[in-house]
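# Analysis of the macromolecular model
Okay, here's what each chain looks like letter by letter:
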Amino acid sequence: DTAVSQTPKYLVTQMGNDKSIKCEQNLGHDTMYWYKQDSKKFLKIMFSYNNKELIINETVPNRFSPKSPDKAHLNLHINSLELGDSAVYFCASSPRTSDTYEQYFGPGTRLTVT
Amino acid sequence: QKEVEQDPGPLSVPEGAIVSLNCTYSNSAFQYFMWYRQYSRKGPELLMYTYSSGNKEDGRFTAQVDKSSKYISLFIRDSQPSDSATYLCAMRFVRGTGFQKLVFGTGTRLLVSP
């Protein structure tokens, strides 16, 4: 029984396309996150949601739009994909916003833009 | 200068060795210090978190924090080939009420040979 799951695991697409990544957690957590990990393994926060509300938006281009239909799901839609968007995108969750030190990560979605 | 500095390695050790992994940071506002382990093509896995200066032990792992020097360490005793992974340190940044995020180091790749 997976705690934080993401789909798809791999995504290969061309520049200019629009794509979505989905995340689900069955931990009962209130807070969910999207991270981007670049080719040098640097992991950086993109967005944070608490109970469907956007808490953090870390100067991410408008082409990225997160959406949380309920507190167990957080999706990421990317418009007009660019080469620089190629990275591994991780979803994570924590019990509450105040428990950011206790985050559990999904397996990642490896996005390749050609 | 990055807020969190971590030697990327790789760090190669023989099985049974004691491993020391380190991070330095510049922002004295960081609270909570975490260590994550990331196997190749997997999501980061939380190993330990600490709040105050001092040591925290969990099995073969010991996390050490020295806030005065802005230096944290993770020690692994009796290292095993299964410990081969990238180890990421992370620190919690808090601003005002409601804004918290993790800032990650770039990770140290550890290779434990049989």
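## Structural notes on the overall build of chain A
Along the backbone of chain A there are zero helices and 11 strands. Counting helices and strands in the order they occur from the N terminus, chain A gives β-β-β-β-β-β-β-β-β-β-β. Whereas a compact globule of 114 residues would reach a radius of gyration of roughly 13 Å, chain A reaches 13 Å, a difference of no more than 12%. Projecting the C-alpha coordinates of chain A onto the three principal axes gives extents of approximately 35 × 30 × 25 Å. Long-range contacts, defined as pairs at least 24 residues apart, comprise 55% of the intrachain contacts of chain A with a sequence gap of at least 6.

## A short note on the pattern of salt bridges
Scanning all chains against the criterion turns up eight salt bridges over all chains. Across the salt bridge formed by A:Asp99 and A:Arg96, the nearest N and O atoms sit 2.8 Å from each other. In this structure A:Asp99 comes out as buried when scored by relative accessible area, which is 5%. We note a salt bridge from B:Arg37 to B:Glu45, for which the minimum N-O separation is 3.1 Å. Under the relative-accessibility criterion, B:Arg37 is labelled buried at 12%. Residue classification places B:Glu45 among the partly exposed residues on the basis of a relative accessible area of 35%. Through salt bridges with shared partners, a single ionic network connects A:Arg63, A:Glu82 and A:Asp85.

## Regarding the sheet that holds strand E8 (residues 71-76) of chain B
Residue and element names in this part refer to chain B. The antiparallel open sheet is built from five strands, whose spatial order is E1-E3-E8-E7-E6. Since the sheet does not close on itself, it has two edges, and those belong to strand E1 (4-5) and strand E6 (54-58), each with one partner. Summarising the sheet, strand E3 (residues 19-25) and E8 pair through six bridges and their orientation is antiparallel. The residue bridging Asn22 from the neighbouring strand is Ser73, located in E8.

Criteria and thresholds
Residues numbered from 1 in each chain as written. Chains lettered and ligands numbered in written order. Predicted model: local features only at pLDDT ≥ 70, side-chain atom pairs only at ≥ 80, totals over all residues. Heavy atoms only, no water. Helix = DSSP H or I, 4+ residues; strand = E, 2+ residues; numbered from the N terminus. Rg over C-alpha atoms; globule rule 2.2 N^0.38 Å. Contact = heavy atoms within 4.5 Å. Salt bridge = Lys/Arg side-chain N within 4 Å of Asp/Glu carboxyl O. Buried < 20%, exposed > 50% of the residue type's maximum accessible area, 1.4 Å probe, protein only. Pairing = 2+ DSSP bridges.

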